[in-house]
Amino acid sequence: SPDVFKYKANNGDWITTTEAVEKGTYNILMSDADPNLYDKSMSFEQSHQSFFNAFPNGFVWELLKVYSGPPKVSFTWRHWGKFNGHFNENKGNGQEINVYGFGSANVQMPSDKDPRIRIKDFQVYYDIDRFLSELTGTKYSAIQDPVFGYVGDMV
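Model, not experiment: these values are computed from the prediction.

Engineer: Help me understand the side chain of Asn-10, please; the structure alone is not making it clear to me.
Structural biologist: In this structure, Asn-10 sits in the loop between strand E1 (6-9) and strand E2 (15-16). Taking relative accessible area as the criterion, Asn-10 reaches 13% and is therefore assigned buried. If near-sequence neighbours (up to four positions away) are discounted, Asn-10 is found in contact with Asp-32, Val-124, Tyr-125 and Tyr-126.

Engineer: How do you make sense of the sheet that holds E2 when you look at a structure like this?
Structural biologist: In a beta sheet, neighbouring strands pair by backbone hydrogen bonds and run either parallel or antiparallel. Read across the open sheet, the six strands follow the order E2-E1-E8-E7-E4-E3; overall the sheet is mixed. The sheet terminates laterally at E2 and strand E3 (60-68), the two strands that pair on one side only. Alignment of E3 against strand E4 (residues 72-83), held across seven bridges, turns out to be antiparallel. Its bridge partner lying in E4, Val-60 is registered against Trp-80. Strand contacts of helix H4 (residues 128-136): E4, strand E7 (95-108) and strand E8 (118-126), with the helix running at about 150 degrees to E7, the strand carrying the most contacts.

Engineer: Please clarify how the pairing of E4 should be interpreted in this entry.
Structural biologist: Remark: a regular strand shows side chains that alternate across the two faces of the sheet. Remark: three residues form the turn of the hairpin made by E3 and E4, two consecutive strands paired antiparallel. Where E4 and E7 come together, twelve bridges link them in antiparallel fashion. From the neighbouring strand, Gly-81 faces E7, where its bridge partner is Ile-97.

Engineer: Mind showing me how you'd approach the nonpolar core here?
Structural biologist: One recurring pattern in soluble globular proteins is that nonpolar side chains are buried together. One finds Phe-51, Phe-55, Phe-131, Leu-132 and Leu-135 to be the most contacted residues of the largest nonpolar core, which totals 24 residues. For this core, the secondary structure elements donating two or more residues are helix H3 (44-54), E4, E7, E8 and H4. Apart from the residues lying within four places of it in its own chain, the contact partners of Leu-135 are Phe-51, Ala-54, Phe-55, Phe-83, Phe-87, Asn-90 and Ile-97.

Engineer: What is the right way to look at H4 in this model?
Structural biologist: Given 3.6 residues per turn, any residue in an α-helix points the same way as the ones three and four places further on. Burial within H4 is extensive, with seven of its nine residues counted as buried. Those residues of H4 that fall on the buried side of the exposure criterion are Ile-128, Asp-129, Phe-131, Leu-132, Ser-133, Leu-135 and Thr-136. One side-chain oxygen at the N-terminal end of H4 lies 3.4 Å from the backbone nitrogen of Asp-129; it belongs to Asp-127.

Engineer: What is the right way to look at the packing of aromatic side chains in this model?
Structural biologist: Two measures describe an aromatic ring pair: the distance that separates the ring centres and the angle between the ring planes. Counting across every chain of the model gives 14 aromatic pairs. Here the aromatic rings of Phe-51 and Phe-131 are separated by 6.2 Å at their centres, their planes lie at 10 degrees, and the arrangement is stacked. In this pair, Phe-51 sits in helix H3 while Phe-131 sits in helix H4, placing the two residues 80 residues apart along the sequence. Side by side, Phe-51 and Phe-131 carry an identical accessibility label, which is buried. Measuring from centroid to centroid gives 5.6 Å for Trp-77 and Tyr-126, while their planes differ by 70 degrees, and the two rings are edge-to-face. In this pair, Trp-77 is assigned in strand E4 and Tyr-126 in strand E8, connecting sequence segments 49 residues apart.

Engineer: What am I meant to see in the environment of Pro-56 here?
Structural biologist: Its place among the elements puts Pro-56 in the loop between H3 and E3. For Pro-56, a relative accessible area of 36% corresponds to the partly exposed category. Along the backbone, Pro-56 and Gly-81 are 25 residues apart, and their C-alpha atoms lie at a distance of 9.1 Å. If sequence neighbours within four positions are ignored, Pro-56 has contacts with Asn-84 and Gly-85.

What counts, and at which threshold
- Residues numbered from 1 in each chain as written.
- Predicted model: local features only at pLDDT ≥ 70, side-chain atom pairs only at ≥ 80, totals over all residues.
- Heavy atoms only, no water.
- Helix = DSSP H or I, 4+ residues; strand = E, 2+ residues; numbered from the N terminus.
- Buried < 20%, exposed > 50% of the residue type's maximum accessible area, 1.4 Å probe, protein only.
- Contact = heavy atoms within 4.5 Å.
- Pairing = 2+ DSSP bridges.
- Axes fitted to C-alpha atoms, helices over the stretch in contact; angles between N-to-C directions.
- Core = buried A, V, L, I, M, F, W, Y, C linked by side-chain atoms within 4.5 Å.
- Polar contact = N/O pair within 3.5 Å; in protein donor to acceptor, adjacent residues only side chain to side chain.
- Phe/Tyr/Trp six-rings, centres within 6.5 Å; stacked < 30°, edge-to-face > 60°.

Keep in mind these numbers describe shape, not what the thing actually does.
Printed below as a string of structure tokens:
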């Protein structure tokens, strides 16, 4: 429900379902991205269309491993697809693009009032600039850590 569920990516703000519908989920998930790699001023529709254009056959989210059980669930994940389309001016050649990350979710367990398991909040962490550099065909000379600053050259 919009008044219960919220999520955040990396160092971003907590976002409610209502905000996600207004701003667009991609725009929220890319909020920490390098502005040279992602145009944060895109509308909801433009942002979804840009990723659909890049991955016309889909961009799958896969749960890799669960490390702890409810009510606090910790896990690793990947998002992947074949880059058969184009992202901005860069055309893909069918290469598989992977985004790996880790996350946690707080869940509400079944009760007398509600027999369902519900996710209350969901946090994910990943290297968004590395992913976007693959989509844009841009090479990064360094990794910029949001907490520690410059940490080294990207391989």
